[in-house]
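# Coordinate analysis (summary)
So the chains spell out like this:
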Amino acid sequence: MADFETPEIKEYPVIPRLKPDVMSHSKPFVAKEQFQEPLGFPGELVDNWQDKAIEKMGELQGKYRSLQVFLDICVKCGACTDKCHYYLGTTDPKNMPVARQDLFRQVYRRYFTFAGKFFGKLGMPGFVGARELDKEVLDDWYSYFHQCSQCRRCSVYCPYGIDTAEISMAAREVLDAVGVGQKYCNEIIGKVFKIGNNLGLPEPALADTLEGLEEEVKDDTGIDVKYPLDVKGAEVLLVTPSADFFAEPHVDGLIGYGKVFHEAGISWTVSSYASEAANFGMFIGSYENMRRVSMRIREAALELGVKRIIFGECGHAWRVAYSFLNTLAGPFDFLDPRYPVPQHICEFTYDLIQKGALKFDKSANDHRVMTYHDSCNVARASRMGPMPGGQFKIPREIIKATCNHFYDMPADTIHEGTYCCGGGGGLLTDDLMELRVKGAMPRMQALKHVVDNYGVTHMAAICAICKSQFSKVMPYYGFTMDQIVSVHQLVSDAIVMTNNEV
Amino acid sequence: MHIAFGIMFYIAGLLLVIGLIVKIKQYASTPAPLKIPTTPAPVTRTGVVWRMFTEIVFFNSLWKSNKWIWIFGWLFHFALLLAFFRHLRYAIDPAGMFGFLWPLVNNWAVQTAGKYAGWMMLIGLLGLFARRIVVDRVRYISSPSDFAILLLIIGIALTGVLMSFVAHTDIVQLKEFTIGLLTFNWQPMPTDGLLITHLALVLILMVIFPVSKLLHAPGIFFSPTRNQVDNPREQRHIADWARKLESSN
């Protein structure tokens, strides 16, 4: 299937021995000028890149307390070394969180700390873990900071909460500033600015797709469920990852959202201007770009005159929405103050279930034995509902309300300890296929455990990246691509449609 | 001898205090533009205080992470606390300004715990040292300075234990020396090799503290993933530099 070996799934998880540099060849395509320029980055490696990079590092350390503190306080205790799915899947030591951070930290030590400058002058910067910024280091940055999905698993286990995602974002921002951007992310952000979503689906294509969905649901259920686009005065603006408009199993989730809105009798709309929940500005660490993408949602909400904003199933998007949207594009004082801004579609559906407003025929999902994959950024960088941990409980409660058979994967692979799917953080691109397959190993191992022990047939997720990634990599591990489903696909299949008024 | 040490202690003390003030001011004044607590996170300030408490006192995250590092690390740090209280006896003048603390320090429990804490500290430190050699992952991430700092503290602990259990220094004279330093009334110090080594190593530790990873001590209080309240939807959080972007368009 490919020119690399799929990792073997062992009976029990083991911490692999180090195999230095086995992944140093893994690099995503570099962005050409046409993808750099719309984001305000130089088109190719600038001449004085060393100075520029160091200047940018200093600027970022002054803007982000996380970066400044994390660069100083790591004691190299080793607690994080066996926590990254990319390390477990690739065995490359530079995929250990601390070693990945040290690629950046060694340069910080050399140019920004007394110890690094002092021992640097003595000609032995390595004594204090410092190193000159040379081309080799820059290449390592490009390679290994694109082997981090910013999933934050390491930050859970670090005694100081050091989050490698913060370092990765900073490193990618420095790379962009010197002209070495990543094609996948930067091209996509450009598409959002130009067209409104990651996939570059223009308004007519969206209208066509949504109309098709209406017909499909009508054929299926005999009921006129609406999938509205750009409807002014709707109660709810739905912001969902653009993959929901056409990819499997994403679109089945979108069908589910529509049915829930229909049953709740709440008017809603998608915006063609802000037809994307994902915000790749976060992946490249760029506050400015992340803000520009977010502002589109604010503008669309104002333009359409909605009262609430609800986000569809998307992991990193929910992080930006839940944790950052109010900061980036707030305040949202023009929306209905009775609801949190924004809300997650799972919060919305769960509230309706609590109120008894939705009826389900669970037997419709009896051909499925379910498990649930906690998406990393939902689990460790956001919340649902009023209580901490609601992000674990609410999706599971929805699954249990719609399915008769549910089993969790092993405790150290779910909730805050969940493993990333292997494709997050701007790595969901074909030029990183080896990394994606290997990085999925810990999740596949946990899945195999419940498949073997409880006869689990399907895994549900609430993230567009997780869904795309799993459809692609599951066959490498002997599963089939349709074993990954949307949570709202389960809702869609089990919901009993009672509201025939439009 | 005592004059040289006295001057060195003043210099090292100044470097330590100024260095720490500079770093703490830097941490405090650098903005945290986004809400990034590692969730599930507390939704109230009180909850955050409790979270920080469990991290600092019990090393909560490390417990979840790795039991060996937790055992050795916690033994060392707890022993450090006990040893600190034992050492206060050499720096508090019962008749002086902090004399009211004297009964708290000069009692059997504190002194005995502090005495045996030296062994506990050595066990913890040797365990951490062994991990740096034995575990391939930890060996890979270790710089020479990581070993050097461990050796430095092992040296301090070892000379301390030897003075407690093998060859006592002239503790009365030592106390006169430290009180003299604190009151700017310099007195002679004992000159046995163990004490001189012990104090010299402590001087090095004081100097490197603000320019090394030992900054984890003040730094953890500023870690945004641990000290932020999880309330981004309820309360708008924005840094000054980010607010400036808003007025530009």
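Attention here is on the structure that accompanies the text. Predicted, not measured: the structure shown is a model, and the values here were computed from it. (Residues numbered from 1 in each chain as written. Chains lettered and ligands numbered in written order. Predicted model: local features only at pLDDT ≥ 70, side-chain atom pairs only at ≥ 80, totals over all residues. Heavy atoms only, no water.)

Okay, the nonpolar core next. Core analysis: the largest hydrophobic core is formed by 211 residues, its most contacted members being Phe104 and Trp141 of chain A. Among the elements that make up this core, the one with the highest residue count is helix 14 (residues 315–329) of chain A (9 residues). Here this core spans two domains, since at least three of its residues come from each of domain 1 (33–181) and domain 2 (190–407 + 456–494) of chain A. With sequence-adjacent residues up to four places away left out, Trp141 of chain A is seen in contact with Met57, Leu103, Phe104, Val107, Leu133, His146, Val174 and Leu175 of chain A. Among the nonpolar cores identified, the runner-up in size contains 16 residues, and Ala83, Phe129, Ala157 and Val161 of chain B belong to it. (Core = buried A, V, L, I, M, F, W, Y, C linked by side-chain atoms within 4.5 Å. Buried < 20%, exposed > 50% of the residue type's maximum accessible area, 1.4 Å probe, protein only. Helix = DSSP H or I, 4+ residues; strand = E, 2+ residues; numbered from the N terminus. Domains from an automatic or database assignment. Contact = heavy atoms within 4.5 Å.)

The next point concerns the pattern of salt bridges. When the charged atoms of two side chains with opposite charge come close together, those side chains can pair. Residues and elements named next belong to chain A. Counted under the stated rule, the structure contains 35 salt bridges over all chains. The partner of Asp134 in a salt bridge is Arg131, with the nearest N and O atoms 3.3 Å apart. Residue Asp452 is joined to Lys448 by a salt bridge in which the shortest nitrogen-to-oxygen separation is 2.9 Å. With Asp452 and Lys448 both in helix 19 (residues 441–454) and 4 residues apart, this pair spans about one turn of that helix. Lys448 sits in the partly exposed class, given a relative accessible area of 35%. It is possible to trace a salt-bridge network through shared partners that takes in Lys56, Glu59, Lys63, Glu173 and Glu288. (Salt bridge = Lys/Arg side-chain N within 4 Å of Asp/Glu carboxyl O.)

Residues and elements named next belong to chain A. Taken in spatial order, the 3 strands of this open sheet run 5-6-7, and their pairing is parallel. Every interior strand has two partners, whereas the edge strands, strand 5 (370–372) and strand 7 (484–486), have only one. Strand-to-strand, the axes of this sheet are offset by a mean angle of 40°, without reference to chain direction. As judged from the 3 bridges shared by strand 5 and strand 6 (residues 458–461), these two strands associate in the parallel manner. Bridging from a neighbouring strand, Tyr372 pairs with Ala460 of strand 6. Helix-sheet contacts for helix 21 (residues 487–494) involve strand 5, strand 6 and strand 7, and the interaxial angle to strand 7 is about 70°. (Pairing = 2+ DSSP bridges. Axes fitted to C-alpha atoms, helices over the stretch in contact; angles between N-to-C directions.)

Moving on to the interface of chain B and chain A. The partner chain A presents 80 residues to the 59 residues of chain B that form the contact. Area buried by chain B at its contact with chain A is led by Arg137, Ile141 and Arg233 of chain B, which between them contribute 14% of it. Summed over the shared surface of chain B and chain A, the result is 6 salt bridges. One salt bridge in this structure joins Arg383 of chain A and Asp230 of chain B, with 3.1 Å as the shortest N-O distance. Remark: the boundary between chain B and chain A carries 41 residue pairs in polar contact (both at pLDDT 80 or more). Of all the elements in the fold, those that place two or more residues in the side of chain B that touches chain A are helix 1 (2–29), helix 3 (60–65), helix 7 (136–141), helix 8 (144–165), helix 11 (216–219), helix 12 (224–227) and helix 13 (240–247) of chain B. Examining the composition of the side of chain B that touches chain A, we find that 5 residues originate from one element, helix 7 of chain B, more than from any other. (Buried area = accessible area lost by both parts, 1.4 Å probe. Polar contact = N/O pair within 3.5 Å; in protein donor to acceptor, adjacent residues only side chain to side chain.)

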